[in-house]
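Structural overview for review
Letter by letter, the chains look like this.
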Amino acid sequence: MAATSRGTSPVPPDVRPRLTVLSGPSGVGKSTVVAHMRTVHPEVWLSVSATTRKPRPGERNGVHYFFVDDEEFDKLVANGELLEWAEFAGNRYGTPRRAVLDRLEAGEPVLLEIDLQGARLVRQSMDDARLVFLAPPSWEELVRRLTGRGTEAPEVIERRLAAAKIELAAEAEFDTTLVNTSVEDVARELLTLMLQA
Ligand SMILES: Nc1ncnc2c1ncn2[C@@H]1O[C@H](COP(=O)(O)OP(=O)(O)OP(=O)(O)O)[C@@H](O)[C@H]1O
Ligand SMILES: Nc1nc2c(ncn2[C@@H]2O[C@H](COP(=O)(O)O)[C@@H](O)[C@H]2O)c(=O)[nH]1
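Source: prediction; values computed, not measured.

**Notes on the site of ligand 1**
- Around ligand 1, 15 residues are found, and the nearest of them are Ser26, Lys30, Ser31, Thr32 and Arg149.
- Side-chain polar atom of Lys30 to an oxygen atom of ligand 1: 2.6 Å apart, as the coordinates give it.
- More than half of the atoms belonging to ligand 1 lie within 2 Å of the grid points that define the largest pocket.
- At the level of elements, α1 (30–40) and α5 (139–149) are the ones that each hand at least two residues to the shell around ligand 1.
- Here the shell around ligand 1 is built from residues that sort into three nonpolar, seven polar and five charged.

**Topic: the layout of surface pockets**
- When its volume is computed, the largest pocket comes out at roughly 970 Å³.
- Lining of the largest pocket is provided by 35 residues; of these, Lys30, Ser31, Arg56, Tyr65 and Glu113 occupy positions nearest its centre.
- Going through the elements one at a time, α1, β5 (82–88), β6 (91–96), α5 and α6 (154–169) are the ones with two or more residues in the lining of the largest pocket.
- Here the lining of the largest pocket takes six residues from α1, the largest share from any one element.
- Taken together, the residues of the lining of the largest pocket sort by class into twelve nonpolar, eleven polar and twelve charged.

**Details of the nonpolar core**
- Leu22, Met37, Leu111, Leu134, Leu178 and Leu190 are the most contacted members of the largest nonpolar core, which totals 20 residues.
- Among the elements of the structure, α1, β8 (130–135) and α7 (183–195) are those that each provide at least two residues to this core.
- By residue number, the principal contributor to this core is α7, which donates seven residues.
- With near-sequence residues (within four places) excluded, Met37 lies in contact with Val44, Leu111, Ala187, Leu190, Leu191 and Met194.
- In this structure, Trp45, Ala119, Val122 and Phe174 belong to the second largest nonpolar core, which totals 18 residues.

**Considering the UniProt feature "binding site: ATP" (unreviewed entry) in the protein chain**
- Per the UniProt annotation, the sites labelled "binding site: ATP" (unreviewed entry) are Gly24, Pro25, Ser26, Gly27, Val28, Gly29, Lys30 and Ser31. Restricting the annotated residues just mentioned to those that line the largest pocket leaves Gly24, Ser26, Gly27, Val28, Gly29, Lys30 and Ser31.
- The topology assignment puts Gly29 in the loop between β1 (19–23) and α1.
- In this structure, Gly29 is in contact with Leu134 and Asn180, ignoring residues within four places of it in sequence.
- The class for Ser31 is partly exposed, based on a relative accessible area of 46%.

Cut-offs applied
Numbering of residues begins from 1 in every chain and follows the order in which that chain's sequence is written. As they are written, the chains are lettered A onward and the ligands numbered 1 onward, keeping that order. Local features are withheld for residues below a pLDDT of 70 in this predicted model, meaning they are given only at 70 or higher, and side-chain atom pairs are given and counted only at 80 or more; totals for whole chains, interfaces and linings count all residues. Excluded from the side-chain calculation are hydrogens and water; included are all heavy atoms of the structure. Note on definitions. A residue lies near a molecule or strand when any single heavy atom of the residue is within 4 Å of it. N or O atoms within 3.5 Å of each other form a polar contact, as long as, within protein, one can give a hydrogen and the other can take it, and as long as residues adjacent in sequence are counted only when both atoms are side-chain atoms. Cavity and pocket criteria rest on a 1 Å grid covering protein atoms alone: a 1.4 Å probe that fits but cannot get out defines a cavity, protein on both sides within 12 Å along at least 5 of 7 lines defines an open pocket, and an atom within 4 Å of a point defines a lining residue. Criterion for pocket placement: a molecule counts as inside a cavity or pocket if more than half of its atoms are within 2 Å of its grid points. Secondary structure elements follow DSSP: runs of H or I of four or more residues count as helices, runs of E of two or more count as strands, with numbering from the N terminus. Lys, Arg, Asp and Glu make up the charged group, whereas Ala, Val, Leu, Ile, Met, Phe, Trp, Tyr, Cys and Pro make up the nonpolar group; the residues left over, Gly among them, are polar. Grid points are joined across faces, edges and corners, and a volume is the space filled by probe spheres set on the points. To define a nonpolar core, start from buried Ala, Val, Leu, Ile, Met, Phe, Trp, Tyr and Cys residues and group those joined through side-chain atoms within 4.5 Å. A simple rule labels every residue: compare its accessible area, found with a 1.4 Å probe on the protein chains alone, to the largest value its type can have, and call it buried under 20%, exposed over 50%, or partly exposed in between. The contact definition used throughout considers only heavy atoms, calling two residues in contact when any of these lie within 4.5 Å. UniProt positions are given in the numbering used here, feature names are shortened, and annotations may be inferred rather than shown by experiment.

Here it is in structure tokens:
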């Protein structure tokens, strides 16, 4: 992932960047929105999580995730290297702590794309984090997107939809909700939120 510097940052000099967490049910379009935002603003830094999930076709180690086995993930947890971690639909996911803290200390805005459990943990440990919930236009559209992506087996889709019901019920815990009707619009709104004081 490309490094950022204050020189290329979209952050106005009088704004103190903070941590933004983007969450929402599986399939709502979090990765799509973030990828679009980063094509327009490649200088925005996105944390790369560690996961025990196997890579999907096209996913690259160190770019989309750090793909690790159970033993390596155990070590990351035991050594305190994760800012937060959670089990989601049968796999573990966690945010490498050092990289996030380094960026914040350098005065750069930081974006995490993580699940509800992780968002709750971040809120507990970093009370000025901004929590953004990405919602689908409807339940039917969420099912269509998750199924249409074609990356999960039917039983995994069922697990993710069960988790989605819990995540949708937690929307009120977030500071802001964005409805993902248009990827371009939501990406723009997300960037605006990230740059607000
Ligand atoms: N606004 C949108 N309109 C129509 N389709 C969309 C929209 N946003 C995303 N999609 C599609 O929905 C599918 C799921 O998107 P994506 O993989 O980004 O979801 P996600 O929230 O990151 O899921 P997960 O949490 O499972 O990783 C993809 O096929 C994507 O192209
Ligand atoms: N708590 C965390 N959740 C994370 C992290 N990285 C990703 N995720 C979330 O997991 C699910 C499933 O992701 P997928 O790539 O397998 O579809 C999704 O909600 C992600 O946002 C993390 O570091 N911590």
